[in-house]
Amino acid sequence: MSSLTDEQRKMIEANRKAAQAKLAAKLALKNTPQQAMSNNNQCTLSKTVSVVSPSPNGKSVRMNYNHSLQNSKSKPVRGSCEITSKERFTVHVTYHQQLIDTFKTISSKSYDPKTSEWSFLIKDHDQLMISIKPLEPNVKIEKLPYFVLKLFKTKNIETHWSKIDISSIGDDMVDNLYPFQKLGVQFGVSKKGRCIIADDMGLGKTIQAIGIVKYYSDNFPLLIVCPSSMRYTWEEEIRLRMSNVPVTGIYVLSKTNEQFIDPAVVITSYDLMTRRKDMLLKFKFGIVVFDESHSLKSEKSARTKAALSFAMQSKQCILLSGTPALSRPIELYSQIKAITQNNFMTPIEFGIRYCNGRETNYGWDFTGATNMKELKTILETQFMIRRLKSEVLKQLPQKIRNVVILKPETIKARNQSMDDLETMMNNKSLNKMEVRGALLKYFNHTGEVKLSAICDYILNLLKEGKKFLVFAHHQKVINGICDALENNETYYIRIDGKTSSEERKCVCDQFQSEDMYRVAVLSICAANSGITLTAANLVVFAELYWNPGILTQAEDRAHRIGQAETVTIQYLLAKGTADDHIWPLIQTKLNVLNKAGLSKDNFKDDSTTVVNCSTKSNQMNILDFLNADNDELDENDLKMLDEVEESQCKRPRKR
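Quick caveat: nothing in here was measured; it's all calculated off a predicted structure.

Trainee: Go over the sheet that holds strand S19 (residues 491-495), please, and point to the residues and values.
Mentor: The parallel open sheet is built from six strands, whose spatial order is S17-S22-S21-S18-S20-S19. Both outer strands of the open sheet, strand S17 (399-405) and S19, are each paired with one neighbouring strand and no more. Across the sheet, the mean angle separating the axes of adjacent strands is 20° when strand polarity is ignored. Here three bridges tie strand S18 (residues 468-472) to strand S21 (residues 538-541), and the two strands are oriented parallel to one another. Each residue of the ladder has a partner; that of valine 470, found in S21, is valine 540. The strands that helix H18 (residues 432-462) touches are S17, S18, strand S20 (517-523), S21 and strand S22 (567-573); relative to S22, the one it contacts most, it runs at about 150°.

Trainee: So, the packing of helix H5 (residues 146-153) against helix H15 (residues 372-383): which residues are in play, and what are the values?
Mentor: Where H5 meets H15, the axes come as close as 11 Å, and the angle between the chain directions of the two elements is 40°. Classed by the angle they form, the pair H5 and H15 counts as oblique. Like other packed secondary-structure pairs, H5 and H15 cross with a definite hand, here left-handed. On H15, the residues touching Val148, Leu151 and Phe152 of H5 are Glu374, Thr377, Ile378, Thr381 and Gln382.

Trainee: If you had to explain the packing of aromatic side chains to someone new, which residues and values would you point to?
Mentor: By the definition in use, this model includes 18 aromatic pairs. When the ring centre of phenylalanine 511 is taken as reference, the NZ or CZ atom of lysine 467 above it lies at 4.4 Å.

Trainee: So, the pairing of S18: which residues are in play, and what are the values?
Mentor: The buried fraction of S18 is high, at five of five residues. The pairing of S18 with S20 spans five bridges and is classified as parallel. Each residue of the ladder has a partner; that of leucine 469, found in S20, is alanine 520.

Trainee: Now, about the pairing of S22: what can you tell me, with residues and values included?
Mentor: Here S22 lies mainly inside the structure; seven of its seven residues are buried. Of the two faces of S22, both are covered, the one formed by Val567, Ile569, Tyr571 and Leu573 as well as the one formed by Thr568, Gln570 and Leu572. Across seven bridges, the pairing between S17 and S22 is parallel. The residue of S22 that forms the bridge with valine 404 is leucine 572. Relative to S22, S21 runs parallel, the two sharing four bridges. Looking at the pairing, valine 539 lines up with isoleucine 569 of S22.

Trainee: Talk me through helix H8 (residues 205-215); I want residue IDs and the actual numbers.
Mentor: Burial within H8 is extensive, with nine of its eleven residues counted as buried. Looking only at H8, the buried set comprises Lys205, Ile207, Gln208, Ala209, Ile210, Gly211, Ile212, Val213 and Lys214.

Trainee: I'd like a description of the sheet that holds strand S6 (residues 117-121), backed by residues and values.
Mentor: Strands sit in the order S5-S6-S4-S3-S7 across an open sheet of five strands; the sheet is mixed. This sheet does not close on itself; its edge strands, each paired only once, are strand S5 (110-112) and strand S7 (139-142). Neighbour to neighbour, the strand axes of the sheet diverge by 25° on average, direction disregarded. Examined bridge by bridge, strand S3 (residues 77-83) and strand S4 (residues 88-93) share five bridges and lie antiparallel to one another. Bridging from a neighbouring strand, cysteine 81 pairs with valine 91 of S4.

Trainee: Describe the state of the cysteines, and please don't skip the residues or the numbers.
Mentor: Inspection of every chain in the model, using the stated rule, returns zero disulfides. Note on cysteine 195: no disulfide assigned, nearest cysteine sulfur contributed by cysteine 317 at a separation of 8.7 Å.

Trainee: Describe the pattern of salt bridges, with residues and values.
Mentor: Pairing between side chains becomes possible if they bear opposite charge and their charged atoms approach one another. For the structure shown, the criterion picks out 17 salt bridges. Residues arginine 358 and aspartate 365 are paired through a salt bridge, measuring 2.8 Å at the closest nitrogen-oxygen approach. Between aspartate 509 and lysine 505 there is a salt bridge, with the nearest N and O atoms lying 2.5 Å from each other. Here lysine 505 and aspartate 509 lie together in helix H20 (residues 501-513), a separation of four residues that amounts to about one turn. The exposure class assigned to lysine 505 is exposed, which follows from its relative accessible area of 51%. One connected set of salt bridges, linked through shared partners, spans Glu235, Glu236, Arg239 and Lys575.

Reading the values: rules and limits
- Residues numbered from 1 in each chain as written.
- Predicted model: local features only at pLDDT ≥ 70, side-chain atom pairs only at ≥ 80, totals over all residues.
- Heavy atoms only, no water.
- Pairing = 2+ DSSP bridges.
- Helix = DSSP H or I, 4+ residues; strand = E, 2+ residues; numbered from the N terminus.
- Axes fitted to C-alpha atoms, helices over the stretch in contact; angles between N-to-C directions.
- Contact = heavy atoms within 4.5 Å.
- Parallel < 35°, antiparallel > 145°, perpendicular 65-115°, else oblique.
- Left-handed = near helix turned anticlockwise from the far one by under 90°.
- Phe/Tyr/Trp six-rings, centres within 6.5 Å; stacked < 30°, edge-to-face > 60°.
- Lys NZ or Arg CZ within 6 Å of the ring centre and 35° of its normal.
- Buried < 20%, exposed > 50% of the residue type's maximum accessible area, 1.4 Å probe, protein only.
- Disulfide = S-S within 2.5 Å.
- Salt bridge = Lys/Arg side-chain N within 4 Å of Asp/Glu carboxyl O.

Right, dumping it as structure tokens:
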């Protein structure tokens, strides 16, 4: 092989330099911001150029030069991943051709032309991230967090809850559950009793919680924490639905200095739970229920810290709330923490991922909201079940009846006259007419002692923003309700025995058409028929009445043609009053009508929460007196009670 002469080397070097200079000038002209954008935001520009140079033997030689030029002004393409269903995640990123080419190599790829976004199966997440790696640093896609991937890579996200056997809670309870309620119990069992039931108001979150509790009853004792006003309602529900729990084992904590031994069930308020935390923790509750769990929205509050102590200790933890987050996603964190026993993520991780968390000079700001589709998917597949009335309307009855036990501390103290009447009613030596008279007087006194509690309950209802009807019997009670509404500056209508036909039509039209009228205060006797008030779907009975037919007629003022929603009926009862006697009387009388085919209503069916009207062992219930031989009731006795009361109802009264 001959060597190059000095002249040949100089010529080759000169040609190389000329070619390099020419290429650099050409690239400089093309490298504008617009050109950089057209090259898909790529930071590196490459060009291969051929230069012809003479060889040592005089022939042409083609020499290739690869030139790269880094564009320092262009920014890398950034994107993020978000889970959008239990099986798929979406990549949020701007257009990039090489990235799209990479997407197309993943077998589970799916492109949505409406959103211009690509999605993939969650199981392919790691494969996609590896495929994108060579595009760095020009392309940066934020991975799904490990704690999120872990949730969806487990096998425990199946939604076939309907296959779970819950027969152990008893046929009597299973048969009384609507299909969606049964599914709620099965969901709770599928989550090993740690879940949030977030159904719409009035869909029976309480009965679903009790169903889950019964399934895990081997893990008693049970702690129920609820708003103060709901403690005694929970007590009645436990007594009614869980007959295997002895009455002596149910404790309602109402004072800070109360003590109890070996409880099966403890029911308390959030305030008392916080103040008696150390004492309650000693019982090592295996099951905890937090009713209205949105009360735990602030992780820093004393009540939330106390509640989390019980949640961490228990085997089952059931949260109930129709509004788990009142305003911001961060309010969900402490509730999820209670369900997962702090095995989910840290507050900062949650805040950054779902609350647009930003660190400021004053600490972290978690007031925002981000990745909401992912959070919704996590909640619905992992922790929470939520149904709206509109979704289960076909499963619901046209009317739902509920009994509301008024707080005993808000009931005016019994007087000697009431004690004497109670004694008369349980005196077996008295004749039936004397007992009836005693019950009528007892009923009159009951309205007076209940009035304060009735008004408190109505004022609380007003805070929910709904229109509703209130039925009462005694003028003192009607007047008291109206006074409370006026003091609260609430617009209302009133119909009683002194309201003329013209006035009735006028005020009914006002209530139906004008949103400012929130409440209709109605006499049970004077307004149980002939009027339509379908603007409301909630009916409240502040007092009872002997004749169930009159009550069902009154209910139908809202439940009639023109009503598009299920009507909720609430009966306000006070323990230790005439209500204990009148309510079972109503139930029995309606049962007689049902047997005769004269009524389709049944106050004992699955849409009614019935109070357990137990009495002291040495006392006799009015039904026992009328039915001492445990045979069929004497319908003449029932009719006579109706006639006495209805004659009273027709008698004009002064306001």
